[in-house]
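Understanding the architecture of this molecule
Take a look at the letters that make up each chain.
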Amino acid sequence: GAGVSQSPSNKVTEKGKDVELRCDPISGHTALYWYRQSLGQGLEFLIYFQGNSAPDKSGLPSDRFSAERTGGSVSTLTIQRTQQEDSAVYLCASSPQGVMEEKLFFGSGTQLSVL
Amino acid sequence: GNSVTQMEGPVTLSEEAFLTINCTYTATGYPSLFWYVQYPGEGLQLLLKATKADDKGSNKGFEATYRKETTSFHLEKGSVQVSDSAVYFCALRRRSQGNLIFGKGTKLSVKP
């Protein structure tokens, strides 16, 4: 596709439910990143994929959060037993190779609201 | 650890005013430094970058110089426009690290 695509764009869920957020990176990009954007908290790093492997999962806030990437393309971020503090915009980004000098291409995000 | 600190906002300026948004970083080694911008209703996009000390990144009239001695990467523009109203994020990335580390963002509002 032309850019990084995320779905859904908005998700409202009840506390305790599981949610899945999807990211389609730019075709051919090997590196994929998940960030969380909360009011007043800036951009919080969650996880980074190089191909299908995740060398850096250090940002996942708890074991309720997990992510996978298949075929070196689509990634899914899963939040189990959602809590109200999980409400945020979840951003996905990709880059061609994941090297230091590269810029990241961001999607428009998924706005998650946990009631 | 590695971190980025940028000035608290919001910053409100009149059109054609001079802009400075301060950014300092803490990192081992020699990171690459970036400014990203998020316009209202849009996704984050790269504004400019610098990959080594004394490099100057520039784009759309914005400039930032990589200052190793002061560990800073301040964003400047000589004459802001209403269309520059956005949230600006400073970020760093180390060679051994895949992810970008962002500051908390500075919201800029430019009034006509």
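Residues numbered from 1 in each chain as written. Chains lettered and ligands numbered in written order. Predicted model: local features only at pLDDT ≥ 70, side-chain atom pairs only at ≥ 80, totals over all residues. Heavy atoms only, no water.

Turning to the side chain of Arg64 of chain A, a few remarks are in order. Residues and elements named next belong to chain A. As for its position among the elements, Arg64 is in the loop between β6 (53–56) and β7 (65–69). Polar contacts involving the side chain of Arg64 include one to the main-chain carbonyl oxygen of Arg81, which spans 3.2 Å. For Arg64, the side chain forms a polar contact with the side chain of Asp86, separated by 2.8 Å. Residues within four places of Arg64 in sequence aside, it is in contact with Thr78, Ile79, Gln80, Arg81, Thr82, Gln83 and Asp86. (Helix = DSSP H or I, 4+ residues; strand = E, 2+ residues; numbered from the N terminus. Polar contact = N/O pair within 3.5 Å; in protein donor to acceptor, adjacent residues only side chain to side chain. Contact = heavy atoms within 4.5 Å.)

Let us now look at the confidence of the model for chain A. Across chain A, the average pLDDT comes to 92, with 98% of residues at 70 or higher. Averaged pLDDT values over the elements of chain A bottom out at 86 in β6 of chain A and peak at 98 in strand β3 (residues 19–24) of chain A. (pLDDT = per-residue confidence, 0-100.)

Okay, the packing of aromatic side chains next. Applying the stated criterion across every chain yields a total of eleven aromatic pairs over all chains. Aromatic pair Tyr35 of chain A and Phe102 of chain B: ring centres 5.3 Å apart, planes at 85 degrees, arrangement edge-to-face. Remark: Phe102 of chain B occurs in strand β11 (residues 101–102) and Tyr35 of chain A occurs in strand β4 (residues 31–38); the pair is interchain, linking two chains. An angle of 65 degrees between the planes, with centres 5.7 Å apart, marks the rings of Tyr36 of chain B and Phe102 of chain B as edge-to-face. In this pair, Tyr36 of chain B is assigned in strand β5 (residues 32–38) and Phe102 of chain B in strand β11, connecting sequence segments 66 residues apart. Across the pair, Phe102 of chain B and Tyr36 of chain B agree in class, each one buried. (Phe/Tyr/Trp six-rings, centres within 6.5 Å; stacked < 30°, edge-to-face > 60°. Buried < 20%, exposed > 50% of the residue type's maximum accessible area, 1.4 Å probe, protein only.)

For the bond from Ser7 of chain A to Pro8 of chain A, the omega torsion is -10 degrees, close enough to zero to count as cis. Along the chain, Pro8 of chain A falls in the loop between β1 (5–7) and β2 (10–13). One non-glycine residue, Asp54 of chain B, lies in positive phi territory at about 75 degrees. Among the structural elements, Asp54 of chain B can be located in the loop between β6 (45–50) and β7 (56–59). In this model, Lys60 of chain B sits at a positive phi of 55 degrees, which is unusual for a non-glycine residue. With respect to the helices, strands and loops of the structure, Lys60 of chain B is situated in the loop between β7 and β8 (62–65). Taking relative accessible area as the criterion, Lys60 of chain B reaches 48% and is therefore assigned partly exposed.

All right, on to the interface of chain A and chain B then. Interface size, as often reported, equals the accessible area lost upon joining of the parts. Tallying the contact residues gives 21 residues for chain A and 21 residues for chain B. For chain A, the biggest contributors to the area lost against chain B are Leu43, Met100 and Glu101 of chain A; these three give 38% of the whole. At the boundary of chain A with chain B, the tally comes to zero salt bridges. Where chain A packs against chain B, one counts five residue pairs in polar contact (both at pLDDT 80 or more). Elements represented by at least two residues in the side of chain A that touches chain B include exactly β4, β5 (42–50) and β9 (88–95) of chain A. Counting residues per element, the side of chain A that touches chain B draws most heavily on β5 of chain A, which supplies four residues. (Buried area = accessible area lost by both parts, 1.4 Å probe. Salt bridge = Lys/Arg side-chain N within 4 Å of Asp/Glu carboxyl O.)

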